[in-house]
Amino acid sequence: MRTLNVDLGDRSYPIFIGAGIRNQQSLFDDAIQGKQVMVVTNETIAPLYLDALLNILKNDYQVDTCVLPDGEPFKTLDTYQMIMTRLLEARHNRTTTIIALGGGVVGDMAGFAAATYQRGVPFIQVPTTLLSQVDSSVGGKTGVNHPLGKNMIGAFYQPQAVIIDTETLNTLPPRELSAGMAEVIKYGLICDRSMFEWLENNMTALMSLNADLITEAIYLSCVAKSKVVSQDEREGGIRAILNLGHTFGHAIETEMGYGVWLHGEAVAAGSMLALDLSWRMGNLENSDLIRSADLFKAARLPLLPPAEMTLDSFVARMSVDKKVLDGNLRLVLLSELGQAMITSDFPVESFNETILDALEAAM
């Protein structure tokens, strides 16, 4: 088992990574603070992993469950309300612990419920998808979507622990594996060139779920994210580099309808747009674009946005992104391969050309 710590003072917490560790009761006992537990999961994950978790907890805790519908379209205030209703029906008090068992949607909503139920109760992340293991379960971002914008309603709220069982990836559909790999590649692009090169050398084996390599990829990703989060918990500065491709990607997800494009798919296409703009600004070599495209392609991810979109639809959707500040759109771009920057100072003409050329190629 690999272990690392997210250093946030009195809000610090451990991340555990290993095969089969979701069945180690001691990891849960150390993080559960009261005698009540609410396990939040979804209709896909419940038949796979819920009973085993209940079996290791039921003798020592009052354990209740809330099973949500599965998918990004259900990451809404109405679904969040389902969690609130279950907590109140089962009379959970302010010392209850919420356990998020599932992917990023479950983790985001369960975390938001934990942040707001009786003004805040402890929670534990047990992420079951690659995307949630390397990204959304770490760092304390919680929330739900709004029809006008993704993740526009939420809170920063840190878990007590993140328990990453790599065995859950064995039941992950190939498309979801690819979506998660987009976030892994992101870390290499924004802050770790050596990781980028390691991914180039190992992507084929990673996509085949080589156990040792996938554990290492998750570990490297969590190390990268925890370092950034430890410096900037609430995204006042450097943490925004974690959003490479996300401003473009969120526009795709919102415009196409949540769940039509998976988050990682939109991030991959969005990252290629960000890299293309970085190249037009003179920060990247053409060879950097080719290497990045080859890596996303090896992970079976899209390189282009949906042809149905337009420049106007991109601009409209991006104008309500959380990274808009005082009316100025801030983008995460690369100053070089393995080094990100956050800027509003980019040529509008180049921005437009990046999107228009990509849309033409997607036709």
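In the block above lies the structure referred to throughout.
A quick note: this is a predicted structure, and the numbers were derived from the prediction, not measured.

Caption draft 1: Representation of the pattern of salt bridges. Considering all chains together, one arrives at 20 salt bridges under this definition. Two residues, Glu-233 and Arg-11, come together in a salt bridge whose shortest N-O distance is 2.5 Å. Of this pair, Glu-233 sits in the loop between helix 8 (211-231) and helix 9 (246-256) while Arg-11 sits in the loop between strand 1 (2-6) and strand 2 (13-18), and the two are 222 residues apart along the sequence. Judged by its relative accessible area of 14%, Glu-233 is buried. Here Arg-11 falls in the partly exposed class, since its relative accessible area comes to 39%. The network of salt bridges with common partners includes Asp-135, Glu-183, Lys-186 and Lys-225.

Caption draft 2: Expanded view of helix 3 (residues 77-89). Helix length check: helix 3, at 13 residues, gives a terminal C-alpha distance of 18 Å against a target of 18 Å (1.5 Å per residue), a fit within 8%. The secondary structure elements touched by the buried residues of helix 3 are strand 3 (36-42), strand 4 (62-68), strand 5 (97-102), helix 4 (104-116) and strand 7 (141-146). Among the residues trailing helix 3, Arg-91 stands out with phi positive, at a value near 60°.

Caption draft 3: Focus on the packing of helix 10 (residues 263-280) against helix 13 (residues 348-362). Between helix 10 and helix 13, the least distance of the axes is 9 Å, while the angle of their chain directions is 130°. The angle between helix 10 and helix 13 places the two elements in the oblique class. Along this stretch, helix 10 crosses helix 13, giving a crossing that reads as right-handed. Touching Leu-273, Asp-276, Leu-277 and Arg-280 of helix 10 are Ser-350, Phe-351, Glu-353, Thr-354, Ile-355, Asp-357 and Ala-358, all from helix 13.

Caption draft 4: A look at the pairing of strand 2. Among the six residues of strand 2, five are classified as buried, and the element is accordingly described as predominantly covered. Where strand 1 and strand 2 come together, five bridges link them in antiparallel fashion. Bridging across to strand 2, Leu-4 finds its partner in Ile-15. Connecting strand 1 to the antiparallel partner strand 2 that follows it, the hairpin turn spans six residues, and Gly-9 within it adopts a positive phi of roughly 65°. As paired strands, strand 2 and strand 9 (residues 161-165) are joined by four bridges and run parallel to one another. The residue of strand 9 that forms the bridge with Ile-15 is Val-162.

Caption draft 5: Inspection of the packing of helix 9 against helix 10 at higher detail. At a minimum axis separation of 7 Å, helix 9 and helix 10 run at an interaxial angle of 130°. In terms of axis orientation, helix 9 runs oblique to helix 10. Here helix 9 and helix 10 pass one another in a crossing that is right-handed. Contacts from His-246, Phe-248, Gly-249, His-250, Ile-252 and Glu-253 of helix 9 reach helix 10 at His-263, Ala-266, Val-267, Ala-269, Gly-270, Leu-273 and Ala-274.

Caption draft 6: Geometry of the nonpolar core. Among the nonpolar cores identified, the biggest contains 75 residues, and Met-181 and Phe-314 are the most heavily contacted of them. For Phe-314, the contacting residues outside a window of four places in its chain are Phe-248, Ala-251, Ile-252, Leu-273, Pro-305, Met-309, Ile-355 and Leu-359. Core analysis: the second largest hydrophobic core is formed by 23 residues, Phe-16, Leu-27, Tyr-49 and Ile-99 among them.

Caption draft 7: View of helix 6 (residues 174-191). Helix length check: helix 6, at 18 residues, gives a terminal C-alpha distance of 27 Å against a target of 26 Å (1.5 Å per residue), a fit within 8%. With respect to burial, helix 6 is a largely interior element, 14 of its 18 residues being buried.

Caption draft 8: Inspection of the sheet that holds strand 4 at higher detail. With mixed pairing, the seven strands of this open sheet are ordered in space as 1-2-9-6-5-3-4. If you trace the sheet from one side to the other, it starts and ends with strand 1 and strand 4, each paired once. With strand direction ignored, the average angle separating the axes of adjacent strands in the sheet is 15°. The pairing of strand 3 with strand 5 spans four bridges and is classified as parallel. Counterpart to Val-39 in the pairing with strand 5 is Ile-99.

Caption draft 9: Representation of the side chain of Ser-226 in the model. Mapped onto the fold, Ser-226 is located in helix 8. Here Ser-226 falls in the buried class, since its relative accessible area comes to 5%. The residues contacting Ser-226, other than those within four sequence positions of it, are Leu-4, Asn-5 and Val-6.

Caption draft 10: Here's a closer look at the environment of Asn-201. Locating Asn-201 in the fold gives a position in helix 7 (residues 193-207). Residues Asn-201 and Leu-295, spaced 94 residues apart in sequence, show a C-alpha to C-alpha distance of 9.6 Å.

Caption draft 11: Representation of the environment of Asp-10 in the model. With respect to the element layout, Asp-10 can be found in the loop between strand 1 and strand 2. Taking relative accessible area as the criterion, Asp-10 reaches 71% and is therefore assigned exposed. Taking C-alpha positions, Asp-10 is 36 Å from Thr-171, a pair spaced 161 residues apart along the chain. Separated by 3.1 Å, the side chains of Asp-10 and Arg-11 make a polar contact.

What counts, and where the lines are drawn
- Along each chain, the written sequence defines residue order, and numbers are assigned to residues from 1.
- Residue-level local features of this predicted model are given only where pLDDT is at least 70; pairs of side-chain atoms are given and counted only at 80 or more, and the full residue set underlies all totals for whole chains, interfaces and linings.
- Processing note: side-chain calculations cover all non-hydrogen atoms of the structure and skip hydrogens and water entirely.
- Any carboxyl oxygen of Asp or Glu within 4 Å of a side-chain nitrogen of Lys or Arg constitutes a salt bridge here.
- A helix here means a DSSP run of H or I that spans at least four residues, while a strand means a run of E at least two residues long, and both kinds are numbered starting from the N terminus.
- Relative accessibility decides the category of a residue: with a 1.4 Å probe and only protein chains considered, values under 20% of the type maximum give buried, values over 50% give exposed, and everything between is partly exposed.
- Helix span, expected: 1.5 Å multiplied by one less than the number of residues in the helix.
- Any two residues whose heavy atoms approach within 4.5 Å at even a single point are treated as in contact.
- Axis lines are fitted to C-alpha atoms, over the contacting stretch for helices. Their N-to-C directions set the angle, which ranges from 0 to 180 degrees.
- Oblique is the label for any angle not under 35 degrees, not over 145, and not in the 65 to 115 range, which are roughly parallel, roughly antiparallel and roughly perpendicular in turn.
- Should the near helix be turned anticlockwise from the far one by less than a right angle, the crossing is termed left-handed; should it be turned clockwise, right-handed.
- Strands pair, by our definition, only if DSSP identifies at least two bridges between them.
- Put simply, buried Ala, Val, Leu, Ile, Met, Phe, Trp, Tyr and Cys residues joined by side-chain atoms within 4.5 Å make one nonpolar core.
- Counting of polar contacts relies on pairs of N or O atoms within 3.5 Å, with two restrictions inside protein: one atom must be capable of donating a hydrogen and the other of accepting it, and residues adjacent in sequence are counted only when both atoms are side-chain atoms.

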